[in-house]
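Analysis of the macromolecular model
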Amino acid sequence: MNRTLSSIWVIARRDFTATVFSRTFLLFLLGPLMALGFGGLFGVVGGRADDAALRSSVAVIGSASDTAPIRKAYAGMNTRLGGALPDLRFVEPKGDVAIQARGLLSAQKNGATIVLTGWPAAPRLVGPARQIDDLQNNVRLILDEIRTADALKQARIVRPEVKLQRTVIDPAGGGTSAARHIVARGAQSLLFMLTLLLAGMLLSNMVEEKSSKVIEVLAAAVPIDAIFYGKLIAMLGVSLTGIIVWGSVIGIAVVSFIPAGMPLPLPAMGWPLFITLGAVYYIMNYMLLGGAFIGIGAQANSAREVQTLSMPITMSQLAVFALASATVNDTGGPLATFAAIFPLSSPLAMLGRAAQDATLWPHLLALIWQAAWVAIIVRFAARRFRTGVLKSGAPRRKWFGRTRAAKAG
């Protein structure tokens, strides 16, 4: 046992050092950060452009003295409503108002959605019927506020300010359930994307070792199981290094740009325990899928075969993710039970459960179950590699008939 553990440690340290201290690893770290940075920048710029292009606007044709009450009422009401009212543009009348309104509606740049004319004597909305139907209540709300303020002023009545008291309580059950549902979906998606991004490297890992004949030297010196465990642990360490770097940068960005006091959805177990379980489930998910990947890659003879296998492997991962995602709506149903028992979907399903249920003991059982399957998968992959690729070990049994050795005798 000590020899096996020592061999695992030597191989893991060798592969981890060779990967992390290479020049390409820096590009590996910078690639996702640059993609996220440029994607976020272009997303913000494009989003602002879309908001400006798609936001409804009402052009008000009238003199400055006539539209002054509208400006004042709009500023006060839009502030209280959190900017929910459409934009207002004030235009001085020039010539025929009807022709001017048509020009504002048909303008290629900064065109108005609808136009308000005739204020204050006979207000009229000009524009397409659908847009008038959508915006007329907002315009009427502003004009009613002006009429009410004028009526109160003429009657010498001071409008009393309504004072509201606040009683802050925890969210209602429905709100908590919806928030936990969002956390479960997000955690599953993040776990799936990280594993899909980082575990695929194991497919080509064994092909490179086989092509350079290094695997034969290692197989002659240490057990095959130790080689597989060592490479799996090394690549897990590489992936965790990348996640720590990416998580630190993204965390700093989130703290810098998200407004203070913004409420975050709370998982059932609380964030500290949930993050801990998320890290453990990532390790188990990586070990499970990585064990399968390294076994498949060990059977491939060339990089072309690995590329051919990439598509069905990715599709199978999507099927596993779909199975785990289907359990979020019903964590106690038969489908959820199957997803928690099936080893490849168990980490995803149990992480979704952790966001919605605070019970801890099912996770302890699930982690023991997943660790057992890691051992089974790696053992099976090592045995297949020994007998199928290295052509060593016990002869392969057939389900029907005798073994080849028996026939030869």
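Preceding this section is the structure that the text describes.
All values reported here derive from a predicted model rather than from experimental measurement.

1. With respect to the pairing of strand β3 (residues 114-117)
- Taking every second residue as pointing to the same face, both faces of β3 are buried, with Ile114 and Leu116 on one and Val115 and Thr117 on the other.
- In the sheet, strand β1 (residues 57-61) pairs with β3 via three bridges, with the strands oriented parallel. Following the sheet pairing, Val60 is matched in β3 by Leu116.
- By the bridge criterion, three bridges tie β3 to strand β4 (residues 124-126) in an arrangement that is antiparallel. Within β4, the residue paired with Leu116 across the bridge is Leu125.
- Between β3 and the antiparallel strand that follows it, β4, lie six residues; Gly118 among them carries a positive phi value of about 75°.

2. Some details on the sheet that holds β4
- Strand order across the open sheet formed by four strands is β2-β1-β3-β4, with mixed pairing between neighbours. The two strands at the open ends of the sheet, each matched to only one other strand, are β2 (87-91) and β4. When the angles between neighbouring strand axes are averaged without regard to direction, this sheet yields 25°.
- Here helix α3 (residues 64-80) sits on the sheet in contact with β1, β2 and β3, set at roughly 160° to β2.

3. Topic: the pattern of salt bridges
- If you walk through the whole model with that rule in mind, you get five salt bridges.
- Arg379 is the partner of Asp225 in a salt bridge, and the nearest nitrogen-oxygen pair spans 2.9 Å. Of this pair, Asp225 sits in helix α9 (residues 224-257) while Arg379 sits in helix α14 (residues 361-388); the two residues are 154 residues apart in sequence, bridging distant segments of the chain.
- When its relative accessible area of 13% is taken as the criterion, Asp225 is described as buried.
- The salt bridge involving Arg353 is made with Asp357; its shortest N-O contact spans 3.9 Å.
- Several salt bridges share partner residues, and in doing so they unite Arg14, Asp15 and Lys231 into one network.

4. Overview of the layout of surface pockets
- In this structure, the largest pocket encloses a volume near 1,200 Å³.
- Lining the largest pocket are 29 residues, with Leu190, Leu194, Ile243, Gly247 and Ile275 positioned closest to its centre.
- Contributions of two or more residues to the lining of the largest pocket are made by α2 (23-54), α6 (173-199), α9 and α10 (271-299).
- Ranked by residue count, the leading element in the lining of the largest pocket is α6, at nine residues.
- Considered class by class, the residues forming the lining of the largest pocket number 26 nonpolar, three polar and no charged.
- Its boundaries defined by the atoms lining it, the second largest pocket holds a volume of some 360 Å³.
- Around the second largest pocket, the lining comprises 15 residues; the ones closest to its centre are Lys72, Ala73, Glu145, Ile146 and Ala149.
- Among the secondary structure elements, those contributing two or more residues to the lining of the second largest pocket are α3 and α5 (129-154).
- Looking at the lining of the second largest pocket residue by residue, the class counts come to eight nonpolar, one polar and six charged.

5. A look at helix α1 (residues 2-20)
- A rise of 1.5 Å per residue sets the reference length of α1, with its 19 residues, at 27 Å; its end C-alpha atoms lie 27 Å apart and thus fit the reference within 8%.
- Every buried residue of α1 is accounted for by Ser7, Ile8, Ile11, Ala12, Asp15 and Val20. Projected down its long axis, α1 carries its buried residues within an arc of 165°, all on one side. For α1, the exposed residues lying more than 90 degrees away from the buried face are Asn2, Arg3, Trp9 and Ala18.

6. What to know about empty space enclosed by the protein
- Under the criterion given, the structure shown has two cavities of 30 Å³ or more.
- Space inside the largest cavity adds up to approximately 60 Å³.
- Around the largest cavity, the lining residues are Phe192, Thr195, Asn285, Leu289, Gln317, Val320, Leu344 and Leu348.
- Counting only elements with at least two residues in the lining of the largest cavity, the list comes to α6, α10 and α11 (303-325).
- Among the residues making up the lining of the largest cavity, the classes are represented as five nonpolar, three polar and no charged.
- For the second largest cavity, the calculated volume is near 50 Å³.

About the thresholds
Residues numbered from 1 in each chain as written. Predicted model: local features only at pLDDT ≥ 70, side-chain atom pairs only at ≥ 80, totals over all residues. Heavy atoms only, no water. Buried < 20%, exposed > 50% of the residue type's maximum accessible area, 1.4 Å probe, protein only. Helix = DSSP H or I, 4+ residues; strand = E, 2+ residues; numbered from the N terminus. Pairing = 2+ DSSP bridges. Axes fitted to C-alpha atoms, helices over the stretch in contact; angles between N-to-C directions. Contact = heavy atoms within 4.5 Å. Salt bridge = Lys/Arg side-chain N within 4 Å of Asp/Glu carboxyl O. 1 Å grid on protein atoms, 1.4 Å probe; cavity = no way out; pocket = protein on both sides within 12 Å on 5 of 7 lines; lining within 4 Å. Points joined across faces, edges and corners; volume = space filled by probe spheres on them. Nonpolar A, V, L, I, M, F, W, Y, C, P; charged D, E, K, R; others polar. Expected span 1.5 Å × (residues − 1). Arc of directions from axis to C-beta.

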